[in-house]
Amino acid sequence: MGLRAQSLAGVLVFALGVGGLGFWGLSGYLGRGFDRIEQQAMRKDFQRLIATLDDALAQKGRGAREWSHWTALRDYARNRNPQFAEDNLSPASLRASGLSWLAVLSPSGELIHAVRGEPSAGSTQTVAEVLSEQTPAGRALRQPAPPAGRCAWVFVPSLGEEVQALCHLPIMDSSGQGEPAGSLITAERMEAAAWRDMGTRAALDLQVYPLGAAPEAWAVLDEVAPGQDRRPLWVLPGEPQHRMRTQLVDGAGAPAAWVELRWPRELRLQGIEVLRGAGGLLAGLAALLALGAYWLVDLRLVRRLRSLQRQIARARAEEDWTPRLRVRGEDEIQELAEEGNHLLRRIQQQVTALEAVAQTDALTGLANRRAFDPRLQAALALVARQGGAVSVVMVDADYFKRFNDTHGHAAGDAALKVLAQGLNEVARRGSDLAARLGGEEFALLLEGGNLGEARQQAQALQRWLAAQACGPGQALAQALTVSMGVAQARPGESPGEVMARADAALYQAKALGRNRIESAP
Ligand SMILES: Nc1nc2c(ncn2[C@@H]2O[C@H](COP(=O)(O)OP(=O)(O)OP(=O)(O)O)[C@@H](O)[C@H]2O)c(=O)[nH]1
C-alpha cells in the first residue's frame, strides 16, 4: 500500500476512533446524567401522586362524615331498629351513594347489619368473610378507628384492576361527641378508571393493581415520602418508559394494593436527540480534522517523498549520477535528499573510476581497445560531418615470441612498457591517441592527421625506439623493433575498414622483413 493510501487509512482510522470513542464516552456520561435527573423527577412525581391519592381518599372520608343520619345510625347501633335499616341502609340507597357494600359493627366487632349495593361483582367473598378475622382487611378493621372520625382506609384486593376501598368510621352522633356506638364500614369499588382519573388529575400515567405478584425483579430505587409516611419505591427501568410501584397501605400500615406509575422517558429521548445532533457535529468535526491531517501529511510528507523518489528514479533511468536531488523545506526529508546527493556523488566517482579502469590497459597504462574503438568511430563521424583527415598507425612488435623466450616474460612486459612510452612520446597532440589493442599489438590514432603526417609519426616512433639503443635500455632496444602499417581513412569508411587496411599494411611490413613502415594505398 502506498504512503498516500496508508496516511489516508491512518487518518480515517484515527477520525473514526476519536469520533466513536468520543460518542461512546459522551453518550455513557450523558446517559448516566439523564438517568440521575430522571430518577429525581420520578421521585417527585411519585410523591405528588401519593399526596394526590391521599387527598382523594381524605375527601371521600369527609364525604362519609357529612352524612346526615349519623345520630339515627348511632341509635340503630344501640337499639337495632329494623325500620332505620330498611329506610337508610337498603341496597337501593347504597347504589344511590355509589357504594359496593356497607356493614355496621357493634363496639365488640359483632356484625349487626350488612348490605350489598350490587351483586358481589369482582369478589366472591361475602361481607362476613371480608370482615372475618382471617383476612388482612378483617384484622385491620379491628384496629381502633381514628378518633377524629377520619376514614381509616382499608384496601381489599379484588379481581382485575379493581380494588375495594373500605372506609372504617366510628359511629358517633352528628356532633362527633361521646363514646362510639360501633363501626360503620363502607366499601367502594375503585376501578381502574377511577384510579386513572386520579392519575389524570395529577397529570400522571397511573395504574392500581391488587396485591399479587410482588415486583421481585424490580429494583428498589428509594423511598417516597408523602408527609411522614415513607414507602419503598420499586423501579423497573425500561424503554420507552420507566415503571415505578409503591404500595397503598391500609389503616394499620399493611400493604393493600400496588400503585404503579408509568413514567415516559421523554427527557432521555430528548437528550438522545441532542446527543445524536452532537454526535453528528462531532463526526463532522472529526472528518474535517481527519481531512486536515491528511492534507498536512500529504503536503509535508507524501508529496515531498514522491518528488524525491521521482528524482532518484530519473537519475537511475538516465544513469546520470550528478548530485541534484532537491526538496522543499528544511527537515529530515531535506536531509535525506542531501544524503542521497552524497550517495550520487560517490556513485559518480566510482563510475568514473571504473570507466577509467575499463578503458585502460593495466600493463602499459595506455588506452585499451574498448577506449580506442569509440574514439576512432567518433573521429570518423566528425570527419564525415566536418571534413578533415583521420589516420591510423598499427604497430606490432617483431619476433616478440622469441623475445619472450630469450629474455623471459618479465623482460617482455618491460619491453611492452618501453614501446608504450615511445607511443606516448610521439602522440603529443591532445587529439592523438596511443592504445594497446592486445598482446604486442598497438595503434596510434591521429585525428586531423593525413597519411604523410601519420608516416612521420611512425618514423618518429622508430627513431625513438632506435634512440633507446643508445640509452640505458640498450640491450632491450637492440632486441626490440616494430613493424607498422599506416592508413588514412577514406570518406565514408567505417572503423573496421580503416583498421583492416592499416592491418594489411602492417602485414605487408612484416612480410617485407619487419622493422619497417608500410602505407595502405
Ligand atoms: N611478455 C609478454 N608477452 C606477451 C604479452 N602479450 C602477448 N605476448 C606474447 O607475444 C607473442 C606474440 O607472438 P606472435 O603472435 O607469434 O608474434 P611474434 O613472435 O611477434 O612474430 P611476428 O609478429 O610475426 O613478428 C606471444 O608469445 C605472446 O605470448 C604480454 O603482455 N607480455
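Values in this document were obtained by computation on a predicted structure and should not be read as measured data.

Draft legend 1. Highlighting the overall build of the protein. Assigned secondary structure in the protein consists of 15 helices and 15 strands. The burial tally for the protein puts 40% of its 521 residues in the buried class. In the protein, the share of contacts with a sequence separation of at least 24, taken over all contacts with a separation of at least 6, comes to 61%. Split by element, the accessible area of the protein, about 27800 Å² in all, is 55% carbon and sulfur.

Draft legend 2. Helix α13 (residues 451–468), seen in detail. For α13, which comprises 18 residues, the first-to-last C-alpha distance of 26 Å matches the rise-based estimate of 26 Å (1.5 Å per residue) to within 8%. Within α13 the residues assigned to the buried category are A454, Q457, A458, L461, W464 and L465. Projected down its long axis, α13 carries its buried residues within an arc of 115 degrees, all on one side. Of the residues in α13, the exposed ones pointing more than 90 degrees away from the buried face are Q456 and R463. Two to three positions downstream of the cap, the backbone nitrogen of G452 sits 3.2 Å from a side-chain oxygen, assigning the N-cap of α13 to N450.

Draft legend 3. Region of the structure containing the side chain of E260. Its place among the elements puts E260 in strand β10 (residues 255–264). At 3.2 Å, the side chain of E260 forms a polar contact with the side chain of R262.

Draft legend 4. Inspection of unusual backbone geometry at higher detail. Even without being glycine, R80 reaches a positive phi, approximately 60 degrees. Locating R80 in the fold gives a position in the loop between α2 (70–79) and α3 (82–88). On the accessibility criterion, R80 (37% relative accessible area) is partly exposed. In this model, R514 sits at a positive phi of 75 degrees, which is unusual for a non-glycine residue. Locating R514 in the fold gives a position in the loop between α15 (495–511) and β15 (517–519).

Draft legend 5. Region of interest: the nonpolar core. One finds V393, V395, L423, F442, L444 and M484 to be the most contacted residues of the largest nonpolar core, which totals 28 residues. Elements supplying a minimum of two residues to this core: β11 (390–397), α11 (400–407), α12 (409–426), β13 (441–447), α13 and β14 (482–488). Counting residues per element, this core draws most heavily on α12, which supplies 7 residues. Residues in contact with L444, not counting those within four places in the same chain, are F372, S391, V392, V393, L423, V426, A427, L433, A434 and Q457.

Draft legend 6. Up close: the UniProt feature "transmembrane region" (unreviewed entry) in the protein. Under the local residue numbering, the UniProt record ascribes the feature "transmembrane region" (unreviewed entry) to residues 6–26 and 274–297. What you have in residues 6–26 is 100% helix and 0% strand, and the ends, taken at the C-alpha atoms, are 29 Å apart. Each end of residues 274–297 is marked by a C-alpha atom, and these two atoms are 34 Å apart; helix forms 100% of the span and strand 0%.

Draft legend 7. Quick peek at the site of the ligand. Contacts to the ligand come from 16 residues, most closely from Y399, F400, N404, D413 and R436. Here an oxygen atom of the ligand and a backbone polar atom of Y399 are 2.8 Å apart. Between the ligand and R436, the relevant distance is 2.8 Å, taken from an oxygen atom to a side-chain nitrogen or oxygen of the residue. Of the residues that constitute the shell around the ligand, the class distribution is 4 nonpolar, 4 polar and 8 charged.

Draft legend 8. Spotlight on the side chain of R245. Following the sequence through the fold, R245 ends up in strand β9 (residues 241–249). Looking at R245, its side chain comes within polar contact range of the side chain of E260, at 2.6 Å.

Draft legend 9. Summary view of helix α10 (residues 369–386). For α10, spanning 18 residues, the distance from its first C-alpha to its last is 25 Å, which sits close to the expected 26 Å at 1.5 Å a residue. Taken together, the buried positions of α10 are occupied by A371, F372, L376, A379 and L380. Projected down its long axis, α10 carries its buried residues within an arc of 155 degrees, all on one side. Those residues of α10 that are exposed and aimed more than 90 degrees away from the buried face are R370, Q377, A384 and R385. Elements that come into contact with the buried residues of α10 comprise β11, β12 (432–438), β13 and α15. The N-capping residue of α10, defined by a side-chain oxygen 3.1 Å from the backbone nitrogen of R370, is N368. Immediately beyond the C-terminal end of α10, within one or two residues, lies G387, with a positive phi of roughly 85 degrees.

Rules behind the numbers
- Residues numbered from 1 in each chain as written.
- Predicted model: local features only at pLDDT ≥ 70, side-chain atom pairs only at ≥ 80, totals over all residues.
- Heavy atoms only, no water.
- Helix = DSSP H or I, 4+ residues; strand = E, 2+ residues; numbered from the N terminus.
- Buried < 20%, exposed > 50% of the residue type's maximum accessible area, 1.4 Å probe, protein only.
- Contact = heavy atoms within 4.5 Å.
- Areas by Shrake-Rupley, 256 points an atom, 1.4 Å probe, with all protein chains shown as cover.
- Expected span 1.5 Å × (residues − 1).
- Arc of directions from axis to C-beta.
- Polar contact = N/O pair within 3.5 Å; in protein donor to acceptor, adjacent residues only side chain to side chain.
- Core = buried A, V, L, I, M, F, W, Y, C linked by side-chain atoms within 4.5 Å.
- UniProt positions renumbered as here; feature names shortened; annotations may be inferred.
- Near = heavy atom within 4 Å.
- Nonpolar A, V, L, I, M, F, W, Y, C, P; charged D, E, K, R; others polar.

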